[in-house]
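For reference, the chains in residue letters:
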Amino acid sequence: MSTAALSPSHDDHGPGRKPSISREDILTAALKLLGPHRSVSSLSLREVAREAGIAPNSFYRHFRDMDELAVALIDLAGRSLRRIIGEARQRAAGGKRSVVRSSVEAFMEQLRADDTLLHVLLREGTVGSDAFKQAVDRELGFFEEELRLDLIRLARLDHATLHEPALAAKAITRLVFAVGGTAMDLPREKDPELIDQLSSMVRMIVTGARTLRADEGRGDR
């Protein structure tokens, strides 16, 4: 028997296979296989390995199974979208544009950019396994916490306070993601109407939270 046959990395050196690959390379390969109408849960280990140019056994050097890969994709999607929305909020805060509308527009622009990561977040929360849904819920929790802090900050700038800011942030986050999930299946021509409606609904939630808090301060029930 040859020494090559005894090498533990022998299966990485077949025709068309890469001698080494990173965790990020496998994530990138999985993303290439996804689309607006294809869920992470529909991917097989073999097709991801084939897309990455590695032997199936090499997959396990970076992920225990496909569930772990899917959760990693969801985490990556959450970080990416939080960065995009955060940048939109900062730009709006530095100018005269509405923070609400700027954030909604950034979300819709990313959705229409065929951002596979965003599609992962929107799809896996409804069609994925329990592990995927828990991962999406965790990412939404991160959005909610960042939004809670923003809502408090913006209220203070207006010399106002909020009733249950964490609950208001949760209502806004779940609303935006629900509308986003619907928007994926709608034509782009609907975007201006959706942006107007979503911006108005978010403002309603914020106004309601501020009004409830003001009523509490006056002792109203």
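This text goes with the structure placed above it.
Cut-off values and rules
- Residues numbered from 1 in each chain as written.
- Predicted model: local features only at pLDDT ≥ 70, side-chain atom pairs only at ≥ 80, totals over all residues.
- Heavy atoms only, no water.
- Helix = DSSP H or I, 4+ residues; strand = E, 2+ residues; numbered from the N terminus.
- Buried < 20%, exposed > 50% of the residue type's maximum accessible area, 1.4 Å probe, protein only.
- Contact = heavy atoms within 4.5 Å.
- 1 Å grid on protein atoms, 1.4 Å probe; cavity = no way out; pocket = protein on both sides within 12 Å on 5 of 7 lines; lining within 4 Å.
- Points joined across faces, edges and corners; volume = space filled by probe spheres on them.
- Nonpolar A, V, L, I, M, F, W, Y, C, P; charged D, E, K, R; others polar.

Chemist: Any details on the environment of Asp25? Residues and values, ideally.
Modeler: Within the secondary structure, Asp25 sits in helix α2 (residues 23-33). Residue class for Asp25 comes out partly exposed when judged on its relative accessible area of 34%. With 28 residues separating them along the chain, Asp25 and Gly53 place their C-alpha atoms 9.6 Å apart.

Chemist: Account for the side chain of Ser103, naming residues and giving values.
Modeler: For Ser103, the position within the fold is in helix α6 (residues 99-112). Leave out the neighbours within four places in its chain, and Ser103 touches Ile85, Ala88 and Arg89.

Chemist: I'd like to hear about the layout of surface pockets, residue by residue, with values.
Modeler: In this structure, the largest pocket encloses a volume near 580 Å³. Lining the largest pocket are 28 residues, and of these Val99, Val100, Ser103, Leu147 and Val202 lie nearest its centre. The set of elements that each furnish at least two residues to the lining of the largest pocket consists of α5 (66-93), α6, α8 (130-157), α9 (165-183) and α10 (191-218). The leading source of residues in the lining of the largest pocket is α8, at seven residues. Looking at side-chain class alone, the lining of the largest pocket contains 16 nonpolar, five polar and seven charged residues.

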